[in-house]
Amino acid sequence: MKIALIDGSPKINNSASSILLEELKYFFAQGKVELIEMGLHTLVVSEEIVKQLKRADIWIFALPLYVDGIPSHLLSCFIQIENRINDICKKYTKNVYSIVNCGFYEGEQTEPALHILENWCCKAQLNWCGGVGVGGGGSLSMLPKMPNGQGPKAPIDKMLKHFVEKIIKQEIQKNQYVSVGMPRFMYQLCAQIGWRQLIRKNGGKIKDLGRKF
Amino acid sequence: MKLIITDIEDFNITINGKYKIIKPQEKINHCIGCFGCWVKTPGQCVIRDGFEKTGIKMSRCSELILVSQCFYGSVSPFVKMVQDRAISYIHPDFVMRKGEMHHKRRYKNVIALSAFFYGEKITDMEKNTAKNIIQANADNYDGFVKNVCFYPSIKELEEITL
């Protein structure tokens, strides 16, 4: 079984999407699958990507929530893939799963983006098999490295382990949602501290965060 | 003031009152997720291509009207690019609203959000997704939804008044 891990973040490195795909790889390593890694970071779907998509039996997209939907560059890529779908595969021969992460604490806020993926699959005649919505995605790149299943990532790891089991069995997963393992007030506080550190690092003042024009 | 964001280059829809319109005249770049609009040049996007002040334009409007082709329940790539590039309208800090985490206001204006979607064969699922997204947008802008409508083509849209 060949599985495409597709990073749909516009960020090439150290995005929450890439971190979540690394977690998936860890769980897939325990099964007999061939992983094909690729990135859709720009507006254009290259011939190389098309070739890789053709090879894979299962497509897994990891992406961030942008303004309650999917990032604009990825939307553009989806339209291109739909337009070329007959070159890529026969009808309903590819299974599609997704992980959407958001900066908000509640993973449920990714639901509209998962629905966009489902609607895309309907239009492109792909098999939508469900996804996972991860809340608190903004913290993932800030957390220290910890063994799998430990620390604030533990509930996400547990969800992804279950997700991988479903994918290997090629079963449909009802969309499920999870949040980073820390209380909401603490996540909110950490985010506020983080923004203040970043603006200072960029030579700005804390009050500039609220600058009005 | 009404702020209209549309993917229709040749826009022929009647608009009542004062308005500004953002349409695909210049090349637009997509958001790269750098958060520079919050922590480098707060209130404006760091990409200088003519679309960096959309967040400021949103702060001057009472109505935000999206006129867009519907793709899978989403607005089109152009309209989404403009929206993604305008998160500086809101503040990076979080607040709780309706029991969920959202971003704090940067400005005081309350936006009435409308979306006029067009496209052939928009499915019921896509319509539901679109309505949910527009509601979520309004919640995040701390505004409210005024109207969400669907039309089979631009021609039918041209008969309405915004």
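For the structure given in this document, a descriptive report is provided here. (Residues numbered from 1 in each chain as written. Chains lettered and ligands numbered in written order. Predicted model: local features only at pLDDT ≥ 70, side-chain atom pairs only at ≥ 80, totals over all residues. Heavy atoms only, no water.)

1. Description of the pairing of strand β2 (residues 34-39) of chain A
Residue and element names in this part refer to chain A.
Then comes step 1: Sheet analysis places strand β1 (residues 2-7) next to β2, joined by six bridges and oriented parallel. When the sheet's bridge partners are listed, Leu-5 is paired in β2 with Glu-37.
Then comes step 2: Where the polypeptide runs from β1 across helix α1 (residues 16-28) and back to β2, its parallel neighbour, the crossover connection is right-handed. (Pairing = 2+ DSSP bridges. Helix = DSSP H or I, 4+ residues; strand = E, 2+ residues; numbered from the N terminus. Right-handed = clockwise from strand over helix to strand, strands pointing away.)

2. Quick word on a negative patch on the surface
Then comes step 1: Together, Glu-9, Asp-10, Glu-156, Glu-158 and Glu-159 of chain B make up a negatively charged patch on the protein surface.
Then comes step 2: Within the secondary structure layout, Glu-156 of chain B lies in helix α5 (residues 154-157). (Patch = residues over 30% accessible without salt bridge, like charges linked within 9 Å, V, L, I, M, F, W, Y side chains within 5 Å. Areas by Shrake-Rupley, 256 points an atom, 1.4 Å probe, with all protein chains shown as cover. Salt bridge = Lys/Arg side-chain N within 4 Å of Asp/Glu carboxyl O. Lys, Arg positive; Asp, Glu negative; His and termini not counted. Charge placed at Lys NZ, Arg CZ, Asp CG, Glu CD.)

3. A short note on the interface of chain B and chain A
Then comes step 1: Chain B puts 49 residues into the contact, and the matching count from chain A is 47 residues.
Then comes step 2: Across the chain B-chain A interface, the total number found is two salt bridges.
Then comes step 3: Across the salt bridge formed by Lys-123 of chain A and Glu-126 of chain B, the nearest N and O atoms sit 2.8 Å from each other.
Then comes step 4: Viewed at the interface, chain A and chain B are joined by 25 residue pairs in polar contact (both at pLDDT 80 or more).
Then comes step 5: Among the elements of the structure, α1 (36-39), α3 (77-84), β4 (90-97), β5 (100-105) and α4 (124-141) of chain B are those that each provide at least two residues to the side of chain B that touches chain A.
Then comes step 6: Take the side of chain B that touches chain A: its biggest share by element is eight residues, from α4 of chain B.
Then comes step 7: For the side of chain B that touches chain A, the class distribution of residues is 23 nonpolar, 17 polar and nine charged. (Contact = heavy atoms within 4.5 Å. Polar contact = N/O pair within 3.5 Å; in protein donor to acceptor, adjacent residues only side chain to side chain. Nonpolar A, V, L, I, M, F, W, Y, C, P; charged D, E, K, R; others polar.)

4. Some remarks on α1 of chain A
Residues and elements named next belong to chain A.
Then comes step 1: With 13 residues, α1 ought to run about 18 Å at 1.5 Å a step, and its terminal C-alpha atoms sit 18 Å apart, in line with that.
Then comes step 2: Burial runs high along α1: ten of the 13 residues are buried.
Then comes step 3: Considering only its buried residues, α1 is in contact with β1, β2, β3 (58-64), β4 (95-102), β5 (127-135) and α6 (154-168). (Expected span 1.5 Å × (residues − 1). Buried < 20%, exposed > 50% of the residue type's maximum accessible area, 1.4 Å probe, protein only.)

5. A word on the side chain of Asn-109 of chain B
Residue and element names in this part refer to chain B.
Then comes step 1: Within the fold, Asn-109 resides in the loop between β5 and β6 (112-118).
Then comes step 2: One polar contact links the side chain of Asn-109 to the main-chain carbonyl oxygen of Met-58, over a distance of 2.8 Å.
Then comes step 3: A distance of 3.5 Å separates the side chain of Asn-109 from the backbone oxygen of Ser-59, its partner in a polar contact.
Then comes step 4: Not counting chain neighbours up to four residues away, the residues in contact with Asn-109 comprise Met-58, Ser-59, Arg-60, Cys-61 and Tyr-89.

6. Section: the sheet that holds strand β6 (residues 176-179) of chain A
All names here are of chain A.
Then comes step 1: The strand order across the open sheet formed by six strands is β2-β1-β3-β4-β5-β6, and the pairing between neighbours is parallel. Both outer strands of the open sheet, β2 and β6, are each paired with one neighbouring strand and no more. On average, each strand axis in the sheet is tilted by 15 degrees relative to the strand beside it, whichever way the strands run.
Then comes step 2: Contacting β1, β2, β3, β4 and β5, α1 crosses the sheet at an angle of about 160 degrees to β1.
Then comes step 3: Here helix α2 (residues 47-55) sits on the sheet in contact with β1, β2 and β3, set at roughly 155 degrees to β2. (Axes fitted to C-alpha atoms, helices over the stretch in contact; angles between N-to-C directions.)

7. Things to note about the environment of Ala-191 of chain A
Then comes step 1: Relative to the elements of secondary structure, Ala-191 of chain A occurs in helix α7 (residues 184-201).
Then comes step 2: A residue is classified by how much of its surface remains accessible, and Ala-191 of chain A, at 17% relative accessible area, is buried.

8. Thoughts on the packing of helix α3 (residues 72-83) of chain A against helix α5 (residues 111-124) of chain A
All names here are of chain A.
Then comes step 1: One can describe the packing of α3 onto α5 by two numbers: an axis separation of 9 Å at closest approach and a directional angle of 20 degrees. Here α3 lies roughly parallel to α5, going by the angle between them. In this structure, α3 crosses over α5, and the sense of that crossing is right-handed. Across from Phe-78, Ile-81 and Glu-82 in α3, the residues of α5 making contact are Leu-117, Trp-120, Lys-123 and Ala-124.
Then comes step 2: Its residues placed into classes, the contact of α3 with α5 shows five nonpolar, no polar and two charged. (Parallel < 35°, antiparallel > 145°, perpendicular 65-115°, else oblique. Left-handed = near helix turned anticlockwise from the far one by under 90°.)

9. A few points about the layout of surface pockets
Then comes step 1: Taken as a whole, the largest pocket holds about 1300 Å³ of empty space.
Then comes step 2: Along the walls of the largest pocket sit 50 residues, with Lys-11, Gly-103, Gly-138 and Trp-195 of chain A together with Phe-35 of chain B positioned nearest its centre.
Then comes step 3: Elements with a minimum of two residues in the lining of the largest pocket: α1, β4 and α7 of chain A together with α1, β4 and α4 of chain B.
Then comes step 4: Top element by residues in the lining of the largest pocket is α7 of chain A. It accounts for nine residues.
Then comes step 5: For the lining of the largest pocket, the class distribution of residues is 27 nonpolar, 18 polar and five charged. (1 Å grid on protein atoms, 1.4 Å probe; cavity = no way out; pocket = protein on both sides within 12 Å on 5 of 7 lines; lining within 4 Å. Points joined across faces, edges and corners; volume = space filled by probe spheres on them.)

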